[in-house]
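One-letter residues, chain by chain:
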Amino acid sequence: MQICVFEDNHYRKLLPLVYFRPVYELRCGINDLLTNIVSEFPRVPVVLSVRNELADLVSENYPGRSVNPVFTDDTLFINGRLLKTDGLRRAASKDNAGDWYIRDGDEIAVVYCTRKNIHIMNSLFSGGLLQGTLPGGFREKEFTGTLVRYSWDLVHSASEGIEKDFAGIKKQKGEASKIYKGAHIVGRKNIFLSRGVVVKPGAVLDAERGPVFLGENVTVMPNAVIQGPAYVGRNSIIKAGAAIYPGASIGELCKVGGEVECSIIQSHSNKQHAGYLGHSYLGSWVNLGADTNTSDLKNNYSTVRVSVDGEMVDSGRQFMGLTMGDHSKSGINVMFDTGTVVGVSCNVYGAGLPVKNIPSFSWGGGASFETYNIDKSIDTMRKVMARRNVRMGSVYEKLVKEIF
């Protein structure tokens, strides 16, 4: 048997966060969705299915895995938007005879298909996406897992995700971390410091109400406070005086200061300065200018409406801040209204609140935006990536142009 982690048409509900990545690379907690899915099935071969425009990039990023294959053997198909995997292995191994599926509402979460009927699954994939409807003959199984439908599903699950992931790795041994005299550690048994972590004088790691996990070579500068549940990825820096509140999941090679609460930040992004980021999701290569602030609560305390794939959707959440795609930036003192969505490769600046839905490749502020020249956009991307010793390859550049 093999496992196929796949995308379906619902990926569009997660734009702009998934223009440059498949849905299963979204972070929620310490790990991304793919890591949590695969960890349920150690030593089982894994193949990946992804929309065609991302296939070359995913092949580069996962050189040991087959991407968008033709299926010929018994295969367990798992939706890459699967958020809660508890009990998945048990559901897949119990009474496993024949072909079966698991739904979340009316959406397919898991399918097991034997070699005899694998041609059926091949026929349901188009453009790398699972798009068809299962025919009769597949029996339904029960399972309590849930699928991610919108970015706020991840944001509001971040604390729970950190706690769950931490429980699976906290017994590993950290090495050679350095805690300076004058740093304050609260709830030491609920804190994991990876190799090379540095915690400077006056910093506070507070795991009394949730775990704190710091990846390799993380630096926590003086007088910064991190309250768990919280995760900081390898080689990231928490700036002096920062306040990192519960539910913060910060990826690799990030620089973060100011206030961050219940927010997810993918890798290689910076929010170095004062300003509040709450109940938000930032992609990679994002930079928020000094005193950039996000509103995550309306003054009338009603639920927040968010622009999703061209339509306004009631999130059903009282707290929802900024969703910002990869390579986008804000200038100093920019204020983002509750539930604002910014596409990829945008440059937002100026006084006053910008509009709440800013399309990709926009340049401007307030209600006045123009299209960001694609050649200048790529040139800036290339410079920013080079600062982190990452080279923009031809596959990545081609994808940028296709998105544009």
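Being a predicted model, the structure only gives us computed values, none of them experimental.

## Re the nonpolar core
Working step 1: Counting residues in hydrophobic clusters, the biggest one holds 61 residues, and the most contacted among them are Y24, L76, I78 and L154.
Working step 2: Within the second largest apolar cluster, 37 residues are counted, among which are I191, V232, I244 and I358.

## A short note on the side chain of H268
Working step 1: Structurally, H268 can be placed in the loop between β23 (264-265) and β24 (270-271).
Working step 2: Excluding residues within four positions of it along the chain, H268 makes contact with E252, L253, C254, W285, V286, R388 and V390.

## Describing empty space enclosed by the protein
Working step 1: Applying the stated rule across the entire model yields one cavity of 30 Å³ or more.
Working step 2: Each pocket or cavity is described by its volume, and for the largest cavity that value is around 70 Å³.
Working step 3: Considering the residues around the largest cavity, the lining is formed by K13, L14, L15, P16, L17, S151, W152, V306, S307, V308, T323 and V341.
Working step 4: When residues of the lining of the largest cavity are traced back to their parent elements, those giving at least two are α5 (151-155) and β29 (305-308).
Working step 5: Counting residues per element, the lining of the largest cavity draws most heavily on β29, at three residues.
Working step 6: Class assignment for the residues of the lining of the largest cavity results in eight nonpolar, three polar and one charged.

## As for the environment of A230
Working step 1: Mapping A230 onto the fold places it in strand β17 (residues 230-232).
Working step 2: For A230, a relative accessible area of 1% gives the class buried.
Working step 3: Through-space distance from the C-alpha of A230 to that of D314 is 28 Å; in sequence the pair is 84 residues apart.
Working step 4: Residues contacting A230, with those up to four places away along its chain left out, are I162, P211, V212, F213 and A248.

## Re a negative patch on the surface
Working step 1: A cluster of acidic residues, E53, D56, E60 and E402, forms a negative patch on the protein surface.
Working step 2: The dominant element in the negative patch, judged by the number of residues it contributes, is helix α2 (residues 52-61), at three residues.
Working step 3: Its relative accessible area of 47% is what places E402 among the partly exposed residues.

## Overview of the sheet that holds strand β16 (residues 225-227)
Working step 1: One open sheet accounts for six strands, arranged β10-β13-β16-β19-β22-β25; its pairing is parallel. Two strands in the sheet have a free side with no partner beyond their single neighbour: β10 (184-186) and β25 (276-278).
Working step 2: Looking at chain direction, strand β19 (residues 243-244) and strand β22 (residues 259-261) are connected through two bridges and run parallel. When the bridges of β22 are listed, I244 appears paired with V260.

## Comments concerning the pattern of salt bridges
Working step 1: All chains considered together, the criterion is met by 15 salt bridges.
Working step 2: The shortest N-O distance in the salt bridge between R103 and E140 comes to 3.0 Å. Of this pair, R103 sits in strand β4 (residues 100-104) while E140 sits in strand β8 (residues 139-140), and the two are 37 residues apart along the sequence.
Working step 3: With a relative accessible area of 38%, R103 lands in the partly exposed category.
Working step 4: For E140, a relative accessible area of 37% translates into the label partly exposed.
Working step 5: Of the charged contacts in the structure, one is a salt bridge between R195 and E216, with a shortest N-O distance of 2.9 Å. Of this pair, R195 sits in the loop between β11 (191-193) and β12 (198-199) while E216 is found in the loop between β14 (212-214) and β15 (219-220), placing the two residues 21 residues apart along the sequence.

## Let's talk about the packing of α2 against helix α8 (residues 394-403)
Two quantities define a packed helix pair, namely the angle between the axes and the distance from one axis to the other.
Working step 1: The interhelical angle for the contact between α2 and α8, taken along N-to-C directions, is 155°, at an axis separation of 10 Å. Here α2 lies roughly antiparallel to α8, going by the angle between them. Between α2 and α8 the crossing geometry is left-handed. Contact residues: α2 offers E53, L54, D56, L57 and E60, while α8 offers V395, Y396, L399 and E402.

What counts, and where the lines are drawn
Residues numbered from 1 in each chain as written. Predicted model: local features only at pLDDT ≥ 70, side-chain atom pairs only at ≥ 80, totals over all residues. Heavy atoms only, no water. Core = buried A, V, L, I, M, F, W, Y, C linked by side-chain atoms within 4.5 Å. Buried < 20%, exposed > 50% of the residue type's maximum accessible area, 1.4 Å probe, protein only. Helix = DSSP H or I, 4+ residues; strand = E, 2+ residues; numbered from the N terminus. Contact = heavy atoms within 4.5 Å. 1 Å grid on protein atoms, 1.4 Å probe; cavity = no way out; pocket = protein on both sides within 12 Å on 5 of 7 lines; lining within 4 Å. Points joined across faces, edges and corners; volume = space filled by probe spheres on them. Nonpolar A, V, L, I, M, F, W, Y, C, P; charged D, E, K, R; others polar. Patch = residues over 30% accessible without salt bridge, like charges linked within 9 Å, V, L, I, M, F, W, Y side chains within 5 Å. Areas by Shrake-Rupley, 256 points an atom, 1.4 Å probe, with all protein chains shown as cover. Salt bridge = Lys/Arg side-chain N within 4 Å of Asp/Glu carboxyl O. Lys, Arg positive; Asp, Glu negative; His and termini not counted. Charge placed at Lys NZ, Arg CZ, Asp CG, Glu CD. Pairing = 2+ DSSP bridges. Axes fitted to C-alpha atoms, helices over the stretch in contact; angles between N-to-C directions. Parallel < 35°, antiparallel > 145°, perpendicular 65-115°, else oblique. Left-handed = near helix turned anticlockwise from the far one by under 90°.

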